[in-house]
Structure formats: structure tokens, C-alpha cells
Amino acid sequence: MKVFLATQNQNKVKEYRFLLKNSSLKLLKSPKPLTIKEAGQSFRENAIIKVATYGRYFNTSVLADDSGLVISSLNGFPGIKTNRFARGNYSRAMAEIIRRLAGKSNRQAKFVCCLAFYQPGRKIITFTGEAKGLINLEPKGKKGFGFDPIFYYPPLKKTFAQMSLSQKNLYSHRAKALAKLIKWPGLLKTRQ
């Protein structure tokens, strides 16, 4: 099945292409960008807004996600405002997070991804994946994107930015959400 990915973030496109390379879902080139106001109060609501906007406009199957970093001792900040908080300058945003965590012993955090799937004439479905870790008090690694350099994954003793794409995609929030979609029984029905 061919689907659009409703994003202009080329790093996300790269990850999804990698994750879907052995699946029945094939990503088409991203359609022209649409102006979308992410007015939802949760990752799920924002993912639905994105996928519904693109799906209805292009009248085709679409994937969209809303994802972000949730930090326990900062009351879930930046959460659904992760992208707006960074404003494209992740070095500054990581420095600000590290500053806000100064003196706090709890550095627990998680990446959350809510993936929405739209098909014309069918109900939008969503799947959520989480990757739990800690905020590293200094950026480490040159791979990945966004907040990966400060997201430390204890089982591997590395930040996401220190992992190869194939290694990161064994544990990432995006990989976990997508794995749920691929295993969803309704996806089998759509292929027939």
C-alpha cells in the first residue's frame, strides 16, 4: 500500500523510510506542505489534525505523527510544544533544558510518538510509542536529530545521537508506534 507521510521534516522521512523498508507500506514523496494549526491538547489530537488535513485534501492514505520530549521533573515540558520550544535551534533548546534541570536529581524523560493513519472513508486510527530514558547533562553524539544528543538510553548506555539509525530504530518511540500499525489486523484488510 502506498501512503503519504504528512511532514516536511526530512529527518522524520529518513527514519520512516528506514523503518518501512521491509513492510507492505511504501512511502510516496511527501506532498506539498499544507498550513496546519496544531491546536490539539495532546500528541494524539495533533496527529489526527495533521493526518485528517492531508488525507482529506489529497483524498488518499496518509500517515502523520506528533511527537516530542516529556521531562518528568519539568512537569512534562516541553511535551506537545517540543517543536515550538526548539524553533529550529536544538542547540539552544538543549542548553535551556539542561539549565532548567540544574539541581534536580530526577532526570527521567521519555520521547512520545503518536502515529495517525488515515484512509478515505475509514475511521482514523492512532498508535502510540514511547522510549524511556534520562536527560544527559551534556549533549553527546552526532547522529540522529532534534533532542537525540541529550536523550540517554540506559539499557545501551548511549544517547540516541550515539546510535546508528538501525540501532536507534530498535528502541525509538517512532519505531514502537509504527510497529503497532504494521501489526494492526485492520491493515491486513486494507491490502486486499
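Nothing here was measured: the structure is a model prediction, and the numbers come from that model.

**Student:** Account for the overall build of the chain, with residues named and values stated.
**Tutor:** Within the chain, the secondary structure is distributed over seven helices and seven strands. What you see in the chain, going N to C, is helices and strands ordered as β-α-β-α-β-α-α-β-β-β-β-α-α-α. In terms of overall dimensions, the chain is globule-like: its C-alpha atoms have a radius of gyration of 17 Å, near the 16 Å expected for 192 residues. Expressed along its principal axes, the backbone C-alpha trace of the chain runs to roughly 55 × 35 × 25 Å. Classification of the 192 residues of the chain by burial places 47% in the buried group.

**Student:** I'd like a description of the environment of Asn89, backed by residues and values.
**Tutor:** Within the secondary structure layout, Asn89 lies in the loop between α3 (82-86) and α4 (90-100). Asn89 sits in the partly exposed class, given a relative accessible area of 37%. Separated by 52 residues in the primary sequence, Asn89 and Lys37 place their C-alpha atoms 21 Å from one another.

**Student:** Run through the sheet that holds strand β4 (residues 108-118), naming residues and quoting values.
**Tutor:** Across a sheet, paired strands are connected by hydrogen bonds in the backbone, their directions being either parallel or antiparallel. With respect to topology, seven strands assemble into an open sheet ordered β2-β1-β3-β4-β5-β6-β7, the strand pairing being mixed. The strands lining the two open edges of the sheet, one partner per strand, are β2 (26-27) and β7 (158-159). As defined by bridge partners, strand β6 (residues 151-153) adjoins β7 across two bridges and the pair is classed as antiparallel. Counterpart to Tyr153 in the pairing with β7 is Lys158. Where helix α2 (residues 43-58) meets the sheet, its contacts fall on β1 (2-5), β3 (62-71), β4 and β5 (125-135), and the angle it forms with β3 comes to roughly 160 degrees.

**Student:** Could you give an account of the pairing of β4, naming the residues involved and the relevant values?
**Tutor:** Along β4, nine of the 11 residues are buried, which leaves the element largely enclosed by surrounding structure. Sheet topology places β3 next to β4; 10 bridges connect them, and they run antiparallel. Paired with Ile71 across the bridge in β4 is Ala109. Note that β4 and β5 share 10 bridges and pair antiparallel. When the bridges of β5 are listed, Ala116 appears paired with Thr126.

**Student:** Pulling in residues and values, what's your account of the pattern of salt bridges?
**Tutor:** Evaluation of the coordinates by the stated rule reveals 10 salt bridges. In this structure, Arg174 and Asp65 form a salt bridge, with 3.0 Å as the shortest nitrogen-oxygen distance. Separated by 109 residues along the polypeptide, Arg174 in helix α6 (residues 173-183) and Asp65 in strand β3 bring together distant segments of the chain. Glu96 is the salt-bridge partner of Arg100, the closest N and O atoms lying 2.8 Å from each other. With Arg100 and Glu96 both in helix α4, this residue pair falls four residues apart, about one helical turn. Residue Glu96 is classed as buried on the basis of its relative accessible area, which comes to 19%. Salt bridges linked by common partners bring Lys12, Glu15, Asp65, Asp148, Lys168 and Arg174 together as one network.

Procedures and definitions
- Residues numbered from 1 in each chain as written.
- Predicted model: local features only at pLDDT ≥ 70, side-chain atom pairs only at ≥ 80, totals over all residues.
- Heavy atoms only, no water.
- Helix = DSSP H or I, 4+ residues; strand = E, 2+ residues; numbered from the N terminus.
- Rg over C-alpha atoms; globule rule 2.2 N^0.38 Å.
- Buried < 20%, exposed > 50% of the residue type's maximum accessible area, 1.4 Å probe, protein only.
- Pairing = 2+ DSSP bridges.
- Contact = heavy atoms within 4.5 Å.
- Axes fitted to C-alpha atoms, helices over the stretch in contact; angles between N-to-C directions.
- Salt bridge = Lys/Arg side-chain N within 4 Å of Asp/Glu carboxyl O.

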